[in-house]
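# Examination of the molecular architecture
So you can see what is in the structure, the chains are spelled out below.
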Amino acid sequence: MSDAKLRHAIALEAARLMYERRETEYFTAKRKAAQRLCRGNVKPGDLPSNAEIREQIQVFARIHEGDRRTLDLRDMRLLRPFRPRLIGSVMSGHVRRGSDIDLHVFVNSAALVTDLLEKENYQYDVERKQIVKHQESRIFTHIHVHDRFDFELTVYAEDLAHYVFKSSITGKAIERASIRELEELMAREYPELDLEARDDEVADPYPLFRLLLLPLERARQAPLHHPEGDVLYHSLQVFELAKDRRPYDMEFLLAALLHDVGKGIDPYDHVAAGLSVLEGLITERTRFLIEHHMHALEYKKGTLGACQRQHLEASEDFDDLMLLREIDSAGRVPGAVVGTVDEALAFIREVERANG
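A few points on the structure. None of these values were measured; they are calculated from a predicted model.

Further remarks concern the overall build of the chain. Check the secondary structure of the chain and you find 17 helices and 5 strands. Among the 356 residues that make up the chain, the fraction classed as buried is 47%. Expressed as a percentage of contacts within the chain between residues at least 6 apart in sequence, the contacts between residues at least 24 apart total 64%. Of the accessible surface of the chain, which amounts to about 19100 Å², a share of 49% is contributed by carbon and sulfur atoms.

This is how it looks when you write it as C-alpha cells:
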C-alpha cells in the first residue's frame with residue numbers, strides 16, 4: 001500500500017472510530033487506526049492530520065444521516081430574533097453519530113423562545129441546571145428540541161451576545177458561527193442545496209416581527225429626545241402615523257413599525273443590529289427606509305456628507321424616506337393613543353393580502 005493510500009485509510013478508520021463514539025480524541029483514534037492497519041510502526045509524519053480526519057467524519061455524517069443534518073442546520077434561521085450561534089461538534093467538524101446540534105441563543109426571557117417553538121409546533125423540554133464554578137452558583141437554562149430536529153439551546157442574556165465564551169477544558173475561545181457564517185459553511189460543504197427555496201416555503205415573518213417588537217417595551221430612551229417613553233410605544237406611534245399617511249403601503253408600514261427593533265439588540269448601533277436580524281424577512285425597499293432613517297435626520301440638519309446626500313436624493317424612495325423621518329420625529333407624544341403590536345401586525349398582514 002502506498003504512503004498516500006495508507007494515510008487515507010488511517011484517516012478513514014480514525015474517522016469511523018470517532019463518528020461511532022468509540023474514541024473522542026484525534027491522537028488516540030489515529031494511533032488505534034494505525035495499529036489495526038499496519039503491522040509495524042508508523043512514523044508520526046505518515047499519520048493523517050486532524051483536518052483530514054475531520055473531513056472523513058463529515059463524509060460519514062453525510063452517508064449515514066443524508067440530508068437530515070443539513071436541513072436541521074437550515075432551520076437555525078427560525079431562531080434569527082435571538083441571534084443564534086452554532087457551537088459544539090457540528091460547528092467544529094468533530095461530529096459523531098447522534099451528536100446534538102448545540103446553539104447559544106441570547107434573550108432575556110426563555111419564554112420568548114418557547115413561544116416561537118410552540119407556534120411552529122416543535123416539541124421541546126426545558127431544563128434548568130445549577131452549576132457551581134469558582135465558588136459561584138449559576139442557573140443555566142437549556143431547551144431541548146425533539147421534533148423536526150434534535151438540538152439543544154442554551155439561553156443567555158441579551159447583553160452576552162458578543163461575549164467570548166471559553167472552553168472549560170482547554171481554556172480557549174469556543175468556536176461558534178452566526179447564521180451568515182453557517183450559510184457560508186454550508187455553501188462550501190453542500191453546494192447543491194438551495195437554502196433560499198426552503199426559506200420561501202416555510203418562513204412566516206410575522207411571528208418573528210412580534211418577537212422582535214415585544215422586548216422594546218423594556219428599552220427605555222433618553223427623555224430629552226423621547227419624552228414619550230419606551231421604544232415600543234414610540235414605534236407604535238410611528239406606525240399609527242404611517243397608517244394615516246400610507247395605509248395601503250405594506251413596505252412603508254413595516255419600515256415604520258420595525259425601524260427601531262435594533263434598539264432591543266444593540267442600542268449603540270441599532271440600525272445595523274436591526275438590519276442584521278431582519279435580513280431575508282423584509283423587501284429591499286423596506287430595508288432601504290430602515291437603513292437610512294437616521295441618515296435622513298442628518299440630511300434635514302444639513303450635516304450629512306455630500307456622497308451620502310447624493311445617494312439618498314438619487315433613490316426613487318427618497319420622498320418616502322423623508323416622510324418616515326417626519327413621522328419618526330412626530331411619534332414622540334406622551335399619552336398618545338396607539339394600538340397593540342398584534343393589531344399593528346394584523347393590519348399590515350391584511351394590507352399584504354389585499355395587495356395580493
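Continuing now.
Our focus in this paragraph is the packing of aromatic side chains. Throughout the structure, instances matching the rule amount to 5 aromatic pairs. Seen in terms of ring centroids, Phe140 and Tyr156 are 6.2 Å apart; in terms of plane orientation they differ by 80°. Their pairing is edge-to-face. Taken together, the positions of Phe140 in strand β4 (residues 136-146) and Tyr156 in strand β5 (residues 150-156) put the pair 16 residues apart, joining distant regions of the chain. Like Tyr156, Phe140 is buried. Put simply, the rings of Phe106, Phe140 and Tyr156 touch in pairs and so form one group of aromatic residues. If you follow Arg246 out to its NZ or CZ, it ends over the ring of Phe252, 5.9 Å from the centre.

In this section: the pattern of salt bridges. A full pass over the atoms with the stated rule returns 17 salt bridges. Asp230 is paired through a salt bridge with Arg220; the nearest N and O atoms lie 3.9 Å apart. Taken together, the positions of Asp230 in the loop between α9 (205-213) and α10 (231-245) and Arg220 in the loop between α9 and α10 put the pair 10 residues apart, joining distant regions of the chain. We note a salt bridge from Arg325 to Asp328, for which the minimum N-O separation is 3.2 Å. Of this pair, Arg325 and Asp328 both sit in helix α16 (residues 318-330), 3 residues apart, roughly one helical turn. Look at Arg325 and you get buried, because its relative accessible area is 1%. The network of salt bridges with shared partners includes Arg246, Asp249, Glu251, Arg285, Asp317 and Asp320.

The next subject is the environment of Asp260. Structurally, the position occupied by Asp260 is in the loop between α11 (250-258) and α12 (270-278). Judged by relative accessible area, Asp260 falls into the buried class, the value being 2%. Sequence separation between Asp260 and His234 is 26 residues; the distance between their C-alpha atoms is 9.0 Å. Beyond its immediate stretch of four places on either side in the chain, Asp260 contacts Leu216, Val231, His234, Ser235, His270 and His293. Polar side-chain contacts of Asp260 include one of 3.2 Å to the side chain of His270.

Turning next to the packing of helix α14 (residues 293-301) against α16. Following both chains from N to C, one finds α14 and α16 inclined at 85°, their axes separated by 9 Å at the closest point. With respect to α16, the axis of α14 lies roughly perpendicular. Where α14 abuts α16, its residues His293, Met294, Ala296, Leu297, Tyr299 and Lys300 lie against Phe318, Leu321, Met322, Leu324, Arg325 and Asp328. Of the residues belonging to the contact of α14 with α16, the class tally is 8 nonpolar, 1 polar and 3 charged.

So, about α12. Of all 9 residues in α12, 7 are buried, a share of seventy percent or more. Looking at α12, one finds that the buried residues are His270, Val271, Ala273, Gly274, Leu275, Val277 and Leu278. Looking at the packing, one finds that the buried side of α12 touches α9, α11, α13 (284-291) and α14.

Moving on, we get to the nonpolar core. If you look at the biggest cluster of nonpolar residues, it comprises 68 residues, and the most contacted ones within it are Leu79, Phe82, Phe209, Leu213, Leu258 and Leu278. Sort the elements by how many residues they give to this core and α11 lands first, with 8 residues. Beyond its immediate sequence surroundings of up to four residues, Phe82 is in contact with Val105, Phe106, Val107, Leu112, Val113, Leu116 and Leu211.

Looking at the secondary structure, you find Asp249 in the loop between α10 and α11. Residue classification places Asp249 among the buried positions, given a relative accessible area of 10%. Side-chain polar atoms of Asp249 contact the backbone nitrogen of Glu251, separated by 3.3 Å. A distance of 3.1 Å separates a polar atom in the side chain of Asp249 from the backbone nitrogen of Phe252. What Asp249 contacts, discounting residues up to four positions off in sequence, is Arg285, Asp320 and Val351.

Put simply, helix α6 (residues 110-119) and α9 touch, their axes get as near as 11 Å, and they point 165° apart. Put simply, α6 runs roughly antiparallel to α9. Between α6 and α9 lies a crossing of right-handed hand. Packed against α6, whose contacting residues are Leu112, Leu116 and Lys119, the element α9 presents Pro207, Leu208, Arg210 and Leu211 at the interface. When grouped by side-chain class, the residues that make up the contact of α6 with α9 number 5 nonpolar, no polar and 2 charged.

Looking now at the side chain of His259. Along the chain, the position of His259 falls in the loop between α11 and α12. Polar side-chain contacts of His259 include one of 2.7 Å to the backbone oxygen of Ala256. Of the polar contacts made by the side chain of His259, one reaches the side chain of Asp260; its length is 3.2 Å. His259 has contacts with His234, Ser235, Val238, His270, Ile290, His293 and Asp328, leaving out every residue within four places of it along the chain.

The rules behind these values
- Residues numbered from 1 in each chain as written.
- Predicted model: local features only at pLDDT ≥ 70, side-chain atom pairs only at ≥ 80, totals over all residues.
- Heavy atoms only, no water.
- Helix = DSSP H or I, 4+ residues; strand = E, 2+ residues; numbered from the N terminus.
- Buried < 20%, exposed > 50% of the residue type's maximum accessible area, 1.4 Å probe, protein only.
- Contact = heavy atoms within 4.5 Å.
- Areas by Shrake-Rupley, 256 points an atom, 1.4 Å probe, with all protein chains shown as cover.
- Phe/Tyr/Trp six-rings, centres within 6.5 Å; stacked < 30°, edge-to-face > 60°.
- Lys NZ or Arg CZ within 6 Å of the ring centre and 35° of its normal.
- Salt bridge = Lys/Arg side-chain N within 4 Å of Asp/Glu carboxyl O.
- Polar contact = N/O pair within 3.5 Å; in protein donor to acceptor, adjacent residues only side chain to side chain.
- Axes fitted to C-alpha atoms, helices over the stretch in contact; angles between N-to-C directions.
- Parallel < 35°, antiparallel > 145°, perpendicular 65-115°, else oblique.
- Nonpolar A, V, L, I, M, F, W, Y, C, P; charged D, E, K, R; others polar.
- Core = buried A, V, L, I, M, F, W, Y, C linked by side-chain atoms within 4.5 Å.
- Left-handed = near helix turned anticlockwise from the far one by under 90°.

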